[in-house]
Each structure stands twice: as structure tokens, then as C-alpha cells.
Amino acid sequence: MFNRKPIEERIADRVAKRPPLKEGKHFEHKPALIVFLIVIGLVVVKFIGAFLLMRLGVH
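We now turn to the structure provided with this report. (Residues numbered from 1 in each chain as written. Predicted model: local features only at pLDDT ≥ 70, side-chain atom pairs only at ≥ 80, totals over all residues. Heavy atoms only, no water.)

### Section: the overall build of the protein chain
Defined as follows: Numbered from the N terminus, helices here are DSSP runs of H or I no shorter than four residues, and strands are runs of E no shorter than two. Throughout, the radius of gyration refers to the C-alpha atoms, and the reference size of a globule is 2.2 Å times the residue count to the power 0.38. Buried means the residue's accessible area, taken with a 1.4 Å probe over protein chains only, is under 20% of the maximum for its type, while exposed means over 50%, and partly exposed covers the values in between. Shrake-Rupley sampling with a 1.4 Å probe provides the accessible areas, and residues are treated as covered by the protein chains on show and by no other component. Counting rule applied: Lys, Arg positive; Asp, Glu negative; His and chain ends not counted. Think of each charge as sitting on NZ of Lys, CZ of Arg, CG of Asp or CD of Glu.
Each helix and strand in the protein chain was counted, giving two helices and zero strands. Scaling as 2.2 N^0.38, a compact globule of 59 residues should have a C-alpha radius of gyration of about 10 Å, whereas the protein chain reaches 22 Å, well beyond that. Along the first, second and third principal axes, the C-alpha atoms of the protein chain reach 65 × 35 × 10 Å. Considering the protein chain as a whole, with its 59 residues, one finds that 0% of them fall into the buried category. For the protein chain, the exposed area adds up to about 6200 Å²; of that, 70% sits on carbon and sulfur atoms. Both charge centroids of the protein chain, one from 11 positive and one from 5 negative side chains, sit 11 Å from each other.

Printed below as a string of C-alpha cells:
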């Protein structure tokens, strides 16, 4: 439409321009790492909160 490449081709061109990932690197960009750490942090806080509630005898 309007003489533009399809979205798949534009994405493929953009991915082809990126440098290869470094050895041992798990996250391609910082936002993915931040979201991952926030999710892990929330899970840990939830487990600690549940443990404390059980220790206090709150049902």
C-alpha cells in the first residue's frame, strides 16, 4: 500500500542491519532485562509476604 514494503520485509531488513549478539548475552536490549528483573522481584516479594502471613497466623 502506498509503495511501501510489507511489514515482514521491513522487519527483516531492520533485523539484518543489527550486529550479531555477543557470546553469553541473554537479553538483546535493556527493557527486556528490566521487565525480567521486575517480574522476578515481584515473585520473590509475593513469596516473602505469603511466608510472613503464614508465620503470623493470618488466614
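### Concerning helix 2 (residues 30-56)
One turn of an α-helix holds 3.6 residues; hence residues three or four places apart share an orientation. This is how it is decided: One less than the residue count of a helix, multiplied by 1.5 Å, gives the span that helix is expected to have.
End to end, helix 2 covers 39 Å across 27 residues, agreeing with the expected 39 Å (1.5 Å per residue, within 8%). Immediately beyond the C-terminal end of helix 2, within one or two residues, lies Gly57, with a positive phi of roughly 80 degrees.

### What about a nonpolar patch on the surface?
Just so we agree on the cut-off: To count toward a patch, a residue needs a relative accessible area above 30% and no salt bridge. Like charges then connect within 9 Å, nonpolar side chains (Val, Leu, Ile, Met, Phe, Trp, Tyr) within 5 Å. Throughout this description, the term salt bridge denotes a Lys or Arg side-chain nitrogen within 4 Å of a carboxyl oxygen of Asp or Glu.
A contiguous nonpolar patch, built from Phe36, Leu37, Ile40, Val44, Ile48, Phe51, Leu52 and Met54 and spanning about 810 Å² of accessible area, is present on the exposed surface. By the element assignment, Leu37 lies in helix 2.

### A few points about the environment of Lys30
Along the chain, Lys30 turns up in helix 2. The class of Lys30 is exposed, set by a relative accessible area of 59%. Along the sequence, Lys30 and Gly41 sit eleven residues apart, while their C-alpha atoms lie 16 Å from each other.

Read these as geometric descriptors, not functional statements.
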